[in-house]
Each structure stands twice: as C-alpha cells, then as structure tokens.
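Letter by letter, the chains look like this.
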Amino acid sequence: ERGRSLILQAHVDVVPPGPTDMWTHPPFAPVIDGDWLYGRGGADMKAGHAANIFALDALRRIGLKPAATIYIQSVVEEESTGNGALMTHLRGYRADAALIPEPEDEKLVRANVGVLWFQVQVRGVPVHVREMGEGANAIDAAYRLIGELRRLEAEWNAAKTGREHFEREEHPINLNIGRIEGGDWASSVPAWCTLQCRISIYPGQSAEAAARELEERISHFARNDRFLANLPPSVTFNGFRAEGYTLEPGSEAEKVLGRAHRAATGADLQSFMTAGYLDTRVHALYDKIPALCYGPYSQGIHAFDERVSLASVKRITGTIALFIAEWCGTEAIALC
Ligand SMILES: [Zn+2]
C-alpha cells in the first residue's frame, strides 16, 4: 500500500423516540422539509454513515480509488455501551487514523467525557399507609438518594478547575436520572424503587475509580439514613463504563482534515469539547491513533424532531472525500 489506512465508522443504533405525539412528523417516517431531513437517527447518525460511503462514490465518479485500505465500519450499541466499536478493536481491525462523522456541526471534537451507567435498587419493608409516619417509603428514600447524587454531581463539576477544555464549560459533568420505577399501588407504602442513572467523567479519569467512588458515596449516605441504613441499596453498573479522551492537537491527521474542511466549506476547522459519549474513544484510547469526530449540522438529536441539514451533509461528504484523497492517496481506476 502506498497510502495511509483509515477507519470510517458510524453507529446504526438510535435512542428511543419518547412520546411520538410530541413529534411534528412520525419519528420513523423520514420527511424532507427545505434543507432539513427529519427523523430519529437521521442526524445521529445515518447522515454520517451515508457521507462515509458517498465520499468513496464521489472519488470513484472522478475515476479515483484510495491508495490504502479503508474500513467502513457499521457498529451497534454506541448509545448504550460502546461495545460495537469496542468489538472492532478486539477483532483486530487497525488503521492509521479513524474518522466518525457524528453530528458535530462541522466542528472537530477536541475532548470528550467518559460515561458510566448505573442502577440503584432501594428496598424496604412494605406497610399500610397508616404507618407511613415510620418513613419506610422506598420512593421517598430514592428521592433523598437522588439529592445526594446531585451533590456528588456538583462536586464533580467543581473539579473542572484546572482541566483544559472543561474549565470554561458551565456544567461539563451531567448526571441524568433517566428512569425511575417503584411501588405497586396507591395504598401500600412502596417497598422498592429502582433508579437508572447516567453520569459523565473527565478524560484521564478511570471509569473503575469513578464507579468505586459512586458506590462508596451511596453506601456512606445509606449508613446515615434512618430507612436506608436497615437495608443498604444495591448499585449495579449496567451499561457504559467508558473513559473519555482528548485529541492531542498537532497530528498530521488533524492537519489533513483541516485542509479538507477549508477546501470543502471555505472556513477554518474549529474544535470543541462535547459532554456526551463518543465511540472515537475506542480508537483514541485503545488503537492509539488520531481519532477524528466531525460531522454535519443538526438539531434535536436525542430529542423531538431530530433533523439534519442536507446542505451540511453534502459539505462534510466533500470534506471526507478530500480527506481520503490526501490521507490515503489515490490511484486511477483502470477503465475497462
Ligand atoms: Zn451518535
């Protein structure tokens, strides 16, 4: 091979649409209105997936093919664990750089948080509501526990001081209480309550250490709570246990992307920090290669009326085609 090899990756899984009556158009019936293509997963990230493939089509149309191996990777589970991207690493696929066109508003991701998912199960002895003064209510206890988790979140946000790429962010660490279930019916004091939570961590922080800190924090709080002390809540890590990454400035891959972006859009490539999980971490942390996350303009990802700008998809397809041409080099396709 003459050129440098490349992984072009995209994830095909999407997040749930939520109540579909909150959408202008049905989430799984895509609609184009002006420059916007609406639909769950259109922006995050079928558009980028299409751009990866169309970039190769664009080169072929002008009689060129890449002079090095390109892996087109279509992965699952980006929204829950990152295990799809992780499998590409474990299977041994390696290249000199990776590009993932997530909807990043035509900017390059410089730093990205890690993410932990955890479930907390609160249990207690059910009683008749007339005994409620005893305070043995698992849902009330879960509320108190959420209060403690919010205090932990505030402390982790305060720890942004001195962290490059995070110090200037208002609220870089987000705790999401994503799901709450508990109790059986209105006239029994609930004996159980389960919380499904997600929290982020700074790049360079160990996911293992953060998980231990969470566990210790919850058990310490439980020991000092009248109800929780009798039956300590159990914590299970049931999804993401992923570390964040930083794209070190100055790599040749970033320079090539910057030139391709300027040629395709007429603007300088900007970089920024994102507070959500990205599969690029697999390539940055484990493949140890330049991992570029850069993709089209969008609105409403993970929300209602998710939409992607089609003009932007065309522009970033141009960027990717030019990036391939310079990074991998090109060869003429023999005409027969
Ligand atoms: Zn995504």
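Predicted, not measured: the structure shown is a model, and the values here were computed from it.

Turning next to a nonpolar patch on the surface. On the surface, a cluster of nonpolar side chains totalling about 260 Å² of accessible area is made up of Ile53, Phe54 and Ile72. Considering the arrangement of structural elements, one finds Ile72 in strand E5 (residues 70–75).

What follows covers the layout of surface pockets. Taken as a whole, the largest pocket spans an internal volume of roughly 1,200 Å³. Around the largest pocket, the lining is made up of 30 residues, and of these Val15, Glu79, Asn176, Arg198 and His302 lie nearest the centre. Counting residues per element, the ones that place at least two in the lining of the largest pocket are strand E8 (114–123), strand E9 (175–182), strand E10 (192–201) and strand E14 (271–274). Taken together, the residues that form the lining of the largest pocket break down as 13 nonpolar, 9 polar and 8 charged. Counting residues domain by domain, the lining of the largest pocket receives three or more from each of domain 1 (6–111 + 244–332) and domain 2 (114–242). The wall of the second largest pocket is formed by Leu37, Gly42, Lys46, Ala47, Ala50, Phe54, Val308, Leu310, Val313, Lys314 and Thr317. Every element with two or more residues in the lining of the second largest pocket is listed here: helix H1 (42–61) and helix H7 (310–328). For the lining of the second largest pocket, a count of residues per class yields 7 nonpolar, 2 polar and 2 charged.

Moving on, we come to the domain arrangement of the protein. Partitioning the protein into domains gives domain 1 (6–111 + 244–332) and domain 2 (114–242). Here domain 1 and domain 2 have C-alpha centroids that lie 33 Å from each other. Each side of the interface is counted separately: domain 1 has 15 residues, and domain 2 has 14 residues. Surface buried jointly by domain 1 and domain 2 totals about 1,100 Å² across both partners, of which 68% is contributed by carbon and sulfur atoms. Looking at the side of domain 1 facing domain 2, the largest losses of area belong to Gly244, Met273 and Ala275, adding up to 44% of the total buried there. On the surface where domain 1 and domain 2 come into contact, there are 0 salt bridges. Between domain 1 and domain 2 we count 2 residue pairs in polar contact (both at pLDDT 80 or more) in total. Where the side of domain 1 that touches domain 2 is concerned, the elements lending two or more residues are strand E7 (108–112) and strand E13 (245–246).

Criteria and cut-off values
- Residues numbered from 1 in each chain as written.
- Predicted model: local features only at pLDDT ≥ 70, side-chain atom pairs only at ≥ 80, totals over all residues.
- Heavy atoms only, no water.
- Patch = residues over 30% accessible without salt bridge, like charges linked within 9 Å, V, L, I, M, F, W, Y side chains within 5 Å.
- Areas by Shrake-Rupley, 256 points an atom, 1.4 Å probe, with all protein chains shown as cover.
- Salt bridge = Lys/Arg side-chain N within 4 Å of Asp/Glu carboxyl O.
- Helix = DSSP H or I, 4+ residues; strand = E, 2+ residues; numbered from the N terminus.
- 1 Å grid on protein atoms, 1.4 Å probe; cavity = no way out; pocket = protein on both sides within 12 Å on 5 of 7 lines; lining within 4 Å.
- Points joined across faces, edges and corners; volume = space filled by probe spheres on them.
- Nonpolar A, V, L, I, M, F, W, Y, C, P; charged D, E, K, R; others polar.
- Domains from an automatic or database assignment.
- Contact = heavy atoms within 4.5 Å.
- Buried area = accessible area lost by both parts, 1.4 Å probe.
- Polar contact = N/O pair within 3.5 Å; in protein donor to acceptor, adjacent residues only side chain to side chain.

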